[in-house]
Each structure stands twice: as structure tokens, then as C-alpha cells.
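Geometric and topological summary
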Amino acid sequence: MRHDAPNHFSHKLCLKLDNLPAKTSDRIALNILYPGILFGALLALLGIYEFFNIPALSGKGVFDGFMSEEEAKKVTTLINPTFFDAVLTVLGLWIVTKLIMSYVRYKKIRFDGKVFDITYRPAMGEKVSFCEKLENYKGVRFRVEFFQFGILNKNRYIIELLHKTPEKTIPLYISTSDKDVRKIWEYYAKALKMPAVMTTAAGEIYRSIEDLDKPLRQMVAEGLIKDEFDPKKTRPKTIACAYKKDKIVVKGRKIVWDAFNWLFIICGGALLTATLFNYERIVSASSQKSAFVLMSALALFVIAAVFVLFRKDKLVIKKDKVVHVHKFMLFSRKNDELKKDDIEEINVTLNPVTGRYCVSVISDDKNIIFGKKLPIDDLRWVKQFLIHQIVANS
């Protein structure tokens, strides 16, 4: 099944409809732009500095005495220093260029109550403008996108006015926080007098404004949502369930590796290695304390990236609530929880950016995301299991 979704740029956007005409701008936030540019610039400068200076391991350094000069030469031949410096420089310049181009592009949105006026400026090329009547739109869609923020996978919550032509779909609200997101979704549906839309594994689901605020248990009782769980059906091999006295724990059996986390571990490890090999230069240019702080920060960065790489999510179903837990190698941390009476929607939803599905558990003010990398059929089983557990214990 094909799902078309537009590429919105902002991580914080709100088109306020209380006072018309309403205006907003869809553009990457500076608090995301600046750290990325700084990181890319540091990578490029490190590569350039290493390229025009003596190779690492020359002279005395932090590893002095650990190996003979002949052994040190053998180590340096494992990776060609010039190639390594070139990779760092190109990677850093690519990051800086991409971020600058992402800031150049934007969408300006104006709404007078009947017609939307959109101006789009791409990173390269001329501006494009168009007008579209409100009556030509299909509904107010809510969806969740996953994006990489440093070493972390974060969610971007998007409420948009859906059009049959993806390029004409308009962002109404974007945030990295799930606080009150369903209330905000309801607000836009009511303000624009449009049905609410959610893109799921079964296609687009439309809900009337009246049904948006009903709890899941009531929706099942009224036949709007079905309890389709079959206890005789074999549980997916990727899912583990632990039945305990006062709770049920649902989790994925295996860790699915994330390429982005590996990239950060490799880059962080490379920077830490370069810092260690150039210990004396850093000390002479600044101080021993500065060198120690830099190495400590890079070491903590790599350790944090490793912990994130091995993180697993689990859902703990208790008598009156569902708890979302992040399980790391050495500890677990509660991420969020929802009262069963407050849950209004459980569905398998799509992230159009990655093409992956997940289970979304939604209430008025919170949203739990589970199983981002699990197969779609296994997620359907989790969805049906959760609905059954909530309804059966009502």
C-alpha cells in the first residue's frame, strides 16, 4: 500500500485559527540548526587540521611508552591517515551544507477562513505559490514521524490538513512533545469542521468529530472498534509476554540495530581516538584540564550512544494503566503511562519517512509509541492484544 506524505520542515509550528487571517511559517528551528552546524564544522576542521599537520602518533603523546616506534608505524598503516582526514572533512562539510540548505527552504501559510495561500521556497530554484479552498481538503490528519536528533530517536507529532495531492497538504501543528496532542487534533477538526484522519496499516481511518473524544472502551461497546483478539492464534516470534501476578509485560525479543546509532558510535569513537593520539598538541594549545574535559565528553558521548543502541521498549499492562518502559543494558526507566480509562485509540500507524510502522496508544494528552522496528503483522497482534486486555478488564 502506498502512503504519500509531504515533507514538513519545522519541529515547532502552530497555525492559530482564533484570529483570522492566520499566518505561520514552516521552517527548520534554529535550536536544531546551530548544534548540527557546530558538529559538522568541528568534524571538518579536525580533518583539515590533521591533514596539514604531522601524522598522529608522532612525537610523545598519551600512548608514549605503550609500544615501540616500529609497532606504532604498523598501527598507522591499518587506516591511511590521509583517507581518514578526507572522510572527516567531507562528512563535516556535507553536514554543514545540508543544514544551511534546509534553512533556506520554507513554506509560508496564510488562511482567511475559506482559502489557504501557500508560498513555498525550495533550497534551490524559484518560489512556488498557490491558493486552495478549504472545501477541497479531505480532513485533519494526525501522524507521528520518527527523526534522528543526535544519538536519540525522537518523535515529531504532526497535525495537517489532508489533500489528495500531497504537495497541497498543509501543516497545522508540529511538535516534538505529545502533550495535549489529541486535544489539539480535536481543536483543529472542530474549528475547520472536518473529519479526523489517521493513516494506519489498514489505510486511512476517518472519525467524526463526535467520536474523537470517546474512550476506547466506549468505542468497542458501540461497535466502532472491534475486539478481534484470538487467544488461540500463535503469538509472533518477535514478541515476548510475561504474565505476572498483577501485570503483563509485552516486549520485543531481539534488539534491531539502528544504522544512525552505529554512525554516531563510529564518529564519536573516531573523534575520541584522534583526541587521544593528539593529546600533547591539545594540551600545548589549551591546557591539560581542557584536554581531559574534551576526552571525557567524547567518552560519555560514545557510552550514551552504545546504551541507546541496545535500548529495548516494553509495555507493562497493569490493572488500571499501561506503562511504557525503556530498558537499557543496566537499568530500566519509565518513559510514560496512560490510564486505561483515558485511552481513546490504539492502532498500527505509519511513519512515511522511514516506511516503518508502530503501535500508537493515544489519549487526550499523551501518545505512547511501541515497536518501531517490528514487522507489521506482529504489530497488528500487539494492537489486538492491547485492545482485548483493556476491554476485558473493564
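What counts, and at which threshold
- Residues numbered from 1 in each chain as written.
- Predicted model: local features only at pLDDT ≥ 70, side-chain atom pairs only at ≥ 80, totals over all residues.
- Heavy atoms only, no water.
- Helix = DSSP H or I, 4+ residues; strand = E, 2+ residues; numbered from the N terminus.
- Buried < 20%, exposed > 50% of the residue type's maximum accessible area, 1.4 Å probe, protein only.
- Contact = heavy atoms within 4.5 Å.
- pLDDT = per-residue confidence, 0-100.
- Expected span 1.5 Å × (residues − 1).
- Polar contact = N/O pair within 3.5 Å; in protein donor to acceptor, adjacent residues only side chain to side chain.
- Patch = residues over 30% accessible without salt bridge, like charges linked within 9 Å, V, L, I, M, F, W, Y side chains within 5 Å.
- Areas by Shrake-Rupley, 256 points an atom, 1.4 Å probe, with all protein chains shown as cover.
- Salt bridge = Lys/Arg side-chain N within 4 Å of Asp/Glu carboxyl O.
- Lys, Arg positive; Asp, Glu negative; His and termini not counted.
- Charge placed at Lys NZ, Arg CZ, Asp CG, Glu CD.
- Pairing = 2+ DSSP bridges.
- Axes fitted to C-alpha atoms, helices over the stretch in contact; angles between N-to-C directions.
- Phe/Tyr/Trp six-rings, centres within 6.5 Å; stacked < 30°, edge-to-face > 60°.
- Lys NZ or Arg CZ within 6 Å of the ring centre and 35° of its normal.

With respect to the overall build of the protein
- The helix and strand tally for the protein stands at 9 helices and 18 strands.
- Looking at the protein as a whole, 44% of its 394 residues are labelled buried.
- A sequence separation of at least 24 residues applies to 58% of the contacts in the protein between residues at least 6 apart.

Observations concerning the confidence of the model for the protein
- On average, residues of the protein score 80 in pLDDT, and 85% of them reach the 70 mark or higher.
- For the protein, the element scoring lowest by mean pLDDT is helix H2 (residues 69–76), at 51; strand S8 (residues 170–175) scores highest, at 93.
- A low-confidence stretch, residues 74–79 stays under pLDDT 50, and its non-local contacts, those more than four residues away or across chains, total 6 contacts.

Considerations on the environment of glycine 40
- Among the structural elements, glycine 40 can be located in helix H1 (residues 30–51).
- Residues glycine 40 and leucine 91, 51 residues apart in the sequence, show an inter-C-alpha distance of 7.3 Å.
- What glycine 40 contacts, discounting residues up to four positions off in sequence, is Gly92, Leu93, Ile95 and Val96.

Section: helix H9 (residues 376–392)
- With 17 residues, H9 extends 24 Å between its outermost C-alpha atoms, agreeing within 8% with the 24 Å of an ideal straight helix rising 1.5 Å per residue.
- Among the residues of H9, those classed as buried are Asp378, Leu379, Trp381, Val382, Gln384, Phe385, Leu386, Ile387, Gln389 and Ile390.

Remarks on helix H4 (residues 181–192)
- The end-to-end C-alpha distance of H4 is 17 Å, a good match for the 16 Å that 12 residues give at a rise of 1.5 Å each.
- Restricting attention to buried positions, one finds in H4 the residues Val181, Arg182, Ile184, Trp185, Glu186, Tyr188, Ala189 and Leu192.
- Count one or two residues on from H4 and you reach lysine 193, which has phi positive near 55 degrees.

Quick look at the environment of threonine 275
- Relative to the assigned elements, threonine 275 resides in helix H6 (residues 259–277).
- Sequence spacing of threonine 275 and leucine 294 is 19 residues, and the spatial spacing of their C-alpha atoms is 8.0 Å.

Some details on the side chain of arginine 156
- Relative to the elements of secondary structure, arginine 156 occurs in strand S7 (residues 152–162).
- Classification of arginine 156 as buried rests on a relative accessible area of 5%.
- A polar side-chain atom of arginine 156 sits 3.1 Å from the main-chain carbonyl oxygen of histidine 8.
- A polar contact of 2.5 Å, which involves the side chain of arginine 156, links it to the backbone oxygen of serine 10.

Quick word on a positive patch on the surface
- Together, Arg235, Lys244, Lys251, Arg253 and Lys327 line one region of the surface with positive charge.
- Topologically, arginine 253 is positioned in the loop between strand S12 (248–252) and H6.

Topic: the pattern of salt bridges
- Considering all chains together, one arrives at 17 salt bridges under this definition.
- Between glutamate 160 and arginine 141 there is a salt bridge whose closest N-O contact spans 2.7 Å. With glutamate 160 in strand S7 and arginine 141 in strand S6 (residues 139–149), this pair connects stretches of sequence that are 19 residues apart. Judged on exposure class, the residue glutamate 160 and its partner arginine 141 are both buried.
- In this structure, aspartate 336 and lysine 366 form a salt bridge, with 3.2 Å as the shortest nitrogen-oxygen distance. Separated by 30 residues along the polypeptide, aspartate 336 in strand S15 (residues 332–339) and lysine 366 in the loop between strand S17 (356–362) and strand S18 (367–370) bring together distant segments of the chain.
- Linked by salt bridges that have partners in common, Arg141, Arg143, Glu145, Arg156 and Glu160 make up one network.

Brief notes about the sheet that holds strand S11 (residues 239–243)
- As summarised here, the arrangement of the 5 strands in space is S11-S12-S13-S14-S15, forming an open sheet in which the pairing is antiparallel. Where the open sheet ends on each side, the last strands, each with one partner, are S11 and S15. Between one strand and the next, the sheet's axes are offset by a mean angle of 20 degrees, whatever the strand orientation.
- Its contacts with the sheet place H9 against S11, S12 and strand S13 (312–317), and it is angled at close to 20 degrees to S11.

A short note on the packing of aromatic side chains
- Using the criterion set out here, one finds 8 aromatic pairs in the structure.
- When the centroid spacing of 4.9 Å and the interplanar angle of 65 degrees are considered together, the rings of tyrosine 187 and tyrosine 188 count as edge-to-face.
- Judged by its relative accessible area of 30%, tyrosine 187 is partly exposed.
- Relative to tryptophan 381, the ring of phenylalanine 229 lies with its centre 5.9 Å away and its plane at 70 degrees, an arrangement referred to as edge-to-face. Taken as a pair, phenylalanine 229 in the loop between helix H5 (216–221) and S11 and tryptophan 381 in helix H9 lie far apart in primary sequence, 152 residues in all.
- Here lysine 107 stacks its cationic end above the ring of phenylalanine 9, 5.5 Å away from the centre of that ring.

A word on the sheet that holds strand S3 (residues 106–111)
- In space, the 4 strands of this open sheet follow the order S2-S3-S4-S5, with antiparallel pairing throughout. Single-partner strands in this sheet number two, and they are strand S2 (22–26) and strand S5 (128–133). Neighbouring strand axes in the sheet, compared pairwise and without regard to direction, differ in orientation by 15 degrees on average.
- Relative to S5, strand S4 (residues 115–121) runs antiparallel, the two being bridged by 6 bridges. Bridge assignment links threonine 119 to a residue of S5, and that residue is serine 129.

Thoughts on the pairing of S17
- When you tally the buried positions in S17, you get 6 out of 7 residues, the bulk of the element.
- Judged from the 7 bridges that link them, strand S16 (residues 345–351) and S17 form a sheet pairing that is antiparallel. Its bridge partner being in S17, valine 348 is matched across the sheet by valine 359.
- For S17 and S18, the ladder comprises 4 bridges, and the chain directions are antiparallel. Within S18, the residue paired with isoleucine 362 across the bridge is asparagine 367.

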